[in-house]
Amino acid sequence: MKNFKEISARLEIAKKNIKNIQENNKGSNAASFGKALKISTELVATVVVGTTIGFLLDNWFDTKPLLIICFFFIGVVAGIRNVFRSARKMYEK
Amino acid sequence: MNLNPMHQFEVYKIGPEINLGGLNLSFTNASLFMIISAILITLLLFFGTKKKELIPSKIQLITEMSYTFVAKMINDTAGSSAKSFFPFIFSLFMFVLFCNMIGMLPYSFTVTSHIIVTFALAAIVFIGVTIIGFVKHGIRYLELFIPKGVPIVLLPLIIVIEIISYLSRPVSLSVRLFANMMAGHTMLKVFGGFVISLGLLGGWLPLGFSVALTGLEILVAFLQAYVFAILTCIYLNDALNLHH
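Residues numbered from 1 in each chain as written. Chains lettered and ligands numbered in written order. Predicted model: local features only at pLDDT ≥ 70, side-chain atom pairs only at ≥ 80, totals over all residues.

What follows deals with the overall build of chain A. Within chain A, the secondary structure is distributed over three helices and zero strands. A total of 93 residues make up chain A; the buried ones form 18% of that total. In chain A, the proportion of contacts linking residues at least 24 apart, taken out of those at least 6 apart, comes to 57%. (Helix = DSSP H or I, 4+ residues; strand = E, 2+ residues; numbered from the N terminus. Buried ≥ 20, exposed ≤ 12 C-beta atoms within 10 Å, placed from the backbone. Contact = placed C-beta atoms within 7 Å.)

Moving on, we come to the confidence of the model for chain B. Per-chain confidence: chain B averages 89 in pLDDT, with 98% of residues scoring 70 or above. Scored as a complex, the prediction yields pTM 0.83 and ipTM 0.74. (pLDDT = per-residue confidence, 0-100.)

Taken residue by residue, the interface counts 19 residues in chain A and 15 residues in chain B. For the side of chain A that touches chain B, the secondary-structure elements that each account for two or more residues are α2 (29–61) and α3 (66–92) of chain A. Ranked by residue count, the leading element in the side of chain A that touches chain B is α2(A), at 13 residues. Of the residues belonging to the side of chain A that touches chain B, the class tally is 10 nonpolar, six polar and three charged. (Nonpolar A, V, L, I, M, F, W, Y, C, P; charged D, E, K, R; others polar.)

Turning our eyes to something else, we now look at the packing of helix α3 (residues 86–103) of chain B against helix α6 (residues 204–241) of chain B. Residues and elements named next belong to chain B. The geometry of α3 relative to α6 is characterised by a closest axis approach of 8 Å and an angle of 160° between their N-to-C directions. Considering the angle they form, α3 stands roughly antiparallel to α6. Read as a crossing pair, α3 and α6 show a hand that is right-handed. Along its contact with α3, which presents Ile 89, Leu 92, Phe 93, Val 96, Leu 97, Asn 100 and Met 101, the element α6 presents Ala 221, Phe 222, Gln 224, Ala 225, Phe 228, Ala 229, Thr 232 and Cys 233. Of the residues assigned to the contact of α3 with α6, the class counts are 12 nonpolar, three polar and no charged. (Axes fitted to C-alpha atoms, helices over the stretch in contact; angles between N-to-C directions. Parallel < 35°, antiparallel > 145°, perpendicular 65-115°, else oblique. Left-handed = near helix turned anticlockwise from the far one by under 90°.)

Compared with the 39 Å implied by 1.5 Å per residue over 27 residues, the 39 Å span of α3(A) between its first and last C-alpha is a close match. Buried within α3(A) we find Phe71(A), Ile74(A), Gly75(A), Ala78(A), Gly79(A) and Asn82(A). (Expected span 1.5 Å × (residues − 1).)

Moving on, we get to the confidence of the model for chain A. For chain A, the mean per-residue pLDDT works out to 82, and 85% of the residues sit at or above 70. Within chain A, helix α1 (residues 2–25) of chain A has the poorest average pLDDT of any element, 78, and α3(A) the best, 88.

The subject of this paragraph is the packing of helix α2 (residues 58–78) of chain B against α6(B). Two numbers describe a pair of packed helices, the interaxial angle and the distance between the axes. All names here are of chain B. At a minimum axis distance of 9 Å, the contact between α2 and α6 shows a crossing angle of 40°. In terms of orientation, α2 and α6 fall into the oblique class. Note on packing geometry: the crossing formed by α2 with α6 is right-handed. Touching Val 70, Met 73, Ile 74, Thr 77 and Ala 78 of α2 are Ala 229, Ile 230, Cys 233, Ile 234, Leu 236, Asn 237 and Leu 240, all from α6. Looking at the contact of α2 with α6 residue by residue, the classes come out as 10 nonpolar, two polar and no charged.

As structure tokens, then:
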């Protein structure tokens, strides 16, 4: 019976160690590098998509250059919003 | 000696030209390297799971590590309900990783440095996630575009912004991978060209840069595959659980 107790105690310690390692690994360098890349492209992509939509709608409704300007700024706003959202998510974690 | 840094990205056809209904379906070097990476992945997983030993061999260890890595990533970001999408995300991750890594070998071709390849992958993810969202939640999936606690006056503007940010997902996903791979390989080639043109006298400094950049590029190659897979998980999580 003594053996069993010893084994379960050891198991407990081992499990705790694994948990500690996992918690320490959360903020590793490579992951933060990835996050930085993610945010930088998000900002650009929304501007591109917004401008493209504006361009297409302009061609469609024949309202050059009104909608392309509007949608460019909407794209910028969406990009900043995206970056804020990702940053907040990171902060909460 | 061809010193043009963009020369490495040239797509040329291997074998005869195939035209099907106006589509040029010729076998190119890009197709060749995609097939090579697919075959390498299959071989790795086949030999890695062939002999299941308690003390794993190196190849079994690599296979098991890649499995646990992706499984843990899905569990952490998308929750247990996304477990059924493991095969898709695992294939996506391994394919992007192998394409990136094979591109690091001299004389090879980097498939992921072409935006059409990365955009096709991102479009599969985007369309798939949208379909999953609509199947799972029906028309309520559109609630994704209406954040909570927004005054009604601002709603039309917010909805447009949300739609643009939703549509920007495949763009940012594909541009990120493509731009990183292309920029990195161009830099490597530029510094390699400096080594040749400066010769024995001045070529040592760019050679050192080249070595350092190779290390950085291997990190980026892994990281981009990881980011691609993890963002797929995050989008999947949005579609499955519908709240931000």
